[in-house]
Structure formats: structure tokens, C-alpha cells
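Take a look at the letters that make up each chain.
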Amino acid sequence: MPITRSFRPAHAPHPALRRLVRQALLAGLALVLVWPAARGYSEWLGWRPLWLLGMPLSAWWALHRFPLPLRPLRRVLARVRPRVQARRRRVPAWRVSRAA
């Protein structure tokens, strides 16, 4: 019987790690929504929603290799025209003031 490889692509995150990050994010969201003290500030930790929501969200984003929303980005880039750098005009000689 041949050894078969997993059908998971090489860039896909490990399912257990993905589940752990998702559970941390959901637990942090529940704490921020239900417990008012979780929305505050701590001298030791700083702003608590950063640690309960922001850090698990950034870990999840990093776990999925920082995907960018390409459709809105493509629309913005399609609207932006390549611009030519402005050039200085030559000032007529009669406009140049002479220092006396």
C-alpha cells in the first residue's frame, strides 16, 4: 500500500493551530461583549481589547499568510493613472527681477 500525502496544500495552516486561534478569538470576543471590565485598561497589560481581539485577529491573519483583499485593491489601482512628473517652465527674462 503506497504512502499517501495529505490533500492539504503546503500553504494551508495546520487545522489544530487554526482551531486554537479561532477559539482564542471567539473567547476574546465573548469577554469583550459580555464583561465590561474587559473593555478597559490595565497597568500591566495595557488596553485589554487589543490583547483579547486584536492580537488573535493578527495571529489568524498571519496564520493565513497575510491575504489582501484584492478586488477593492484592483479597483483603486485601476482608477489611479500613471502621472508624469511636473516640469518647471522657463521664466521669461522680463519677469526675472534683478537684485540691485
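Refer to the structure above for everything that follows.
Residues numbered from 1 in each chain as written. Predicted model: local features only at pLDDT ≥ 70, side-chain atom pairs only at ≥ 80, totals over all residues. Heavy atoms only, no water.

Draft legend 1. Looking closely at the environment of Arg-39. Counting through the fold element by element, Arg-39 comes out in the loop between helix H1 (15-34) and strand E1 (41-42). C-alpha separation for the pair Arg-39 and Leu-52, spaced 13 residues apart in sequence, amounts to 9.3 Å. What Arg-39 contacts, discounting residues up to four positions off in sequence, is Val-32, Leu-33, Val-34, Trp-47 and Pro-49. Polar side-chain contacts of Arg-39 include one of 2.9 Å to the backbone oxygen of Leu-33. (Helix = DSSP H or I, 4+ residues; strand = E, 2+ residues; numbered from the N terminus. Contact = heavy atoms within 4.5 Å. Polar contact = N/O pair within 3.5 Å; in protein donor to acceptor, adjacent residues only side chain to side chain.)

Draft legend 2. Up close: helix H2 (residues 48-63). Compared with an ideal rise of 1.5 Å per residue, which puts 16 residues at 22 Å, H2 spans 22 Å between its outermost C-alpha atoms and is within 8% of the ideal. The largest bend along H2 measures about 30 degrees and falls at Gly-54, with the proline Pro-56 one to four residues further on. Taken as a whole, H2 has its buried residues at Pro-49, Pro-56 and Leu-63. Buried positions along H2 lie against H1 and strand E2 (46-47). After H2 finishes, the residue Arg-65 shows a positive phi value of roughly 60 degrees. (Expected span 1.5 Å × (residues − 1). Bend = angle between axes of the 7 residues up to and from the residue. Buried < 20%, exposed > 50% of the residue type's maximum accessible area, 1.4 Å probe, protein only.)

Draft legend 3. Spotlight on the packing of H1 against H2. One can describe the packing of H1 onto H2 by two numbers: an axis separation of 9 Å at closest approach and a directional angle of 155 degrees. Looking at the two axes, H1 sits roughly antiparallel to H2. Considering the relative orientation of H1 and H2, their crossing is left-handed. Here Leu-17, Arg-18, Val-21, Ala-24, Leu-25, Gly-28, Leu-29, Leu-31 and Val-32 of H1 come into contact with H2, specifically with Pro-49, Leu-52, Leu-53, Pro-56, Leu-57, Ala-59, Trp-60 and Leu-63. Partitioning the contact of H1 with H2 into residue classes produces 15 nonpolar, one polar and one charged. (Axes fitted to C-alpha atoms, helices over the stretch in contact; angles between N-to-C directions. Parallel < 35°, antiparallel > 145°, perpendicular 65-115°, else oblique. Left-handed = near helix turned anticlockwise from the far one by under 90°. Nonpolar A, V, L, I, M, F, W, Y, C, P; charged D, E, K, R; others polar.)

Draft legend 4. Layout of the environment of Leu-29. Position of Leu-29 relative to the elements: it lies in helix H1. With relative accessibility at 36%, the residue Leu-29 sits in the partly exposed group. Residues Leu-29 and Pro-56 lie 27 residues apart in sequence; the distance between their C-alpha atoms is 9.9 Å. Once residues lying within four places of it in the same chain are set aside, the contact partners of Leu-29 are Leu-52 and Leu-53.

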